[in-house]
Amino acid sequence: MPAVTPEPHQTTALIVNRHGQYLLHLRDANKPISDPGTWSLPGGAREGDETPEEAIARELMEEAGLTIDGLTRLGVVDRPGPDGRPRPHIQIFLGRWDGNPSLIEVGEGIMFAFFDVATMAHLTVAPWAAGVIARHQAAVGPVPPSGGPRAGRGAPNVIGAHLYLERDGEVLLGLRHPDSPFAPLQHHFLAGHCEQESAVACLVREAREEAGLVIDPNDVELVHAVHMLHAPGTRPRLQLVFRARQWKGEPQLLEPDKCVSWDWWPADRLPDPTVPYTRAAIDGIRHGRLYTEMGWA
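Notes on the structure follow. Please read all numbers here as calculations on a predicted model, not as lab measurements.

## Quick word on unusual backbone geometry
The peptide bond linking D272 to P273 adopts the cis configuration, its omega dihedral lying at 5°. As for its placement among the helices and strands, P273 is situated in the loop between β15 (259-266) and α5 (276-286). With a phi angle near 55°, D35 is a residue other than glycine that sits in the positive phi range. A relative accessible area of 13% means that D35 is categorised as buried. Located in the positive-phi region is D168, a residue other than glycine, with phi close to 55°. Structurally, the position occupied by D168 is in the loop between β9 (166-167) and β10 (170-176).

This is the structure we're talking about:
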């Protein structure tokens, strides 16, 4: 009986726009990771029993907040790990996105940008990623239809779960790290993006992981929603704010690379700066409004 070839453990995405440019990810230069300080391709390892398709979808969401429809398998490639040894059989996925990478809320690394092949010659591109692009250039096939949001098309919304805790007229806010890709040095709710879970489950998980707070899902109620668009062409975001009527524990700094302090602030005198939609949600809660829209024409 022939041996069964296991699915690749690593995944990467080759994202092309309508101009034939490639989406590259600038990696952190000061962390013990593969290809530090280089322009590379987004992606990462499978978790648990994920398929490669599930893994690359999760990685694109975590790294860039993107959902790319129509990703197709392009082949496999080797990529060196942090120790310099090759990691065999990295699954390459091909997709198309015509959005603006400057509007991406970067979850990992430094930034994203589109580059054509001529410009890449002047960049420090990870050798394996340059090889993937050269391979695609040598045999360019049909590019899948755009999965990015466009006028006249349905656009999947990013769902965020946010924790509203109030004690003696004061609300809990965290001061985000100065190197945070989103809202550096601004005050914000304890929050996270929903993964393969309900919004309440996301809230409970994030409260435990970020601050060591234990919340019973039965003690949670939805108190406000903000439907927002950062700019035309970006993915809409639905920010759900839940109040926990009771909880166990005091806020702890468990993710200091994201948040540098937890503090209680008077609900009518929020610190400056506070993330605009956080401020709008708290104002809505104080005045009994359940819904706010921001950024829509």
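Picking up where we left off.
## Focus on the environment of Y164
Inspection of the secondary structure assignment puts Y164 in strand β8 (residues 158-164). Excluding its chain neighbours within four sequence positions, the residues that come into contact with Y164 are V171, F189, V241, F242, R243, A244, I282 and I285.

## A closer look at the pairing of strand β2 (residues 22-26)
For β2, a buried count of 5 out of 5 residues is recorded, marking the element as mostly surrounded by other parts of the structure. Burial along β2 is two-sided: the face carrying Y22, L24 and L26 and the face carrying L23 and H25 are both buried. By the bridge criterion, 2 bridges tie β2 to strand β3 (residues 39-40) in an arrangement that is antiparallel. Looking across to β3, one finds that L26 is bridged to W39.

## Side note on the packing of aromatic side chains
Summed over the entire model, instances satisfying the criterion amount to 4 aromatic pairs. Relative to F189, the ring of Y164 lies with its centre 6.5 Å away and its plane at 70°, an arrangement referred to as edge-to-face. Residue Y164 is located in strand β8, and its partner F189 is located in the loop between β11 (187-188) and β12 (190-193); the two are separated by 25 residues in the primary sequence. Assessed through its relative accessible area of 1%, Y164 is described here as buried. Among the residues examined, F189 registers a relative accessible area of 3% and is labelled buried. Just above the ring of W264 sits the side chain of R167; from NZ or CZ to the centre is 4.1 Å.

## Overview of helix α1 (residues 52-64)
The end-to-end C-alpha distance of α1 is 18 Å, a good match for the 18 Å that 13 residues give at a rise of 1.5 Å each. Buried residues of α1: P52, A55, I56, R58, E59, L60, E63 and A64, and no others. A positive backbone phi angle near 65° is found at G65, which sits one or two residues after α1.

## Comments concerning the pattern of salt bridges
Under the definition given, this model contains 19 salt bridges. Here D98 and R18 are joined by a salt bridge, their closest N and O atoms 3.9 Å apart. Of the two residues, D98 sits in the loop between β6 (86-96) and β7 (111-115) while R18 sits in the loop between β1 (10-16) and β2, which places them 80 residues apart along the sequence. When its relative accessible area of 19% is taken as the criterion, D98 is described as buried.

Conventions and cut-offs
- Residues numbered from 1 in each chain as written.
- Predicted model: local features only at pLDDT ≥ 70, side-chain atom pairs only at ≥ 80, totals over all residues.
- Heavy atoms only, no water.
- Helix = DSSP H or I, 4+ residues; strand = E, 2+ residues; numbered from the N terminus.
- Buried < 20%, exposed > 50% of the residue type's maximum accessible area, 1.4 Å probe, protein only.
- Contact = heavy atoms within 4.5 Å.
- Pairing = 2+ DSSP bridges.
- Phe/Tyr/Trp six-rings, centres within 6.5 Å; stacked < 30°, edge-to-face > 60°.
- Lys NZ or Arg CZ within 6 Å of the ring centre and 35° of its normal.
- Expected span 1.5 Å × (residues − 1).
- Salt bridge = Lys/Arg side-chain N within 4 Å of Asp/Glu carboxyl O.

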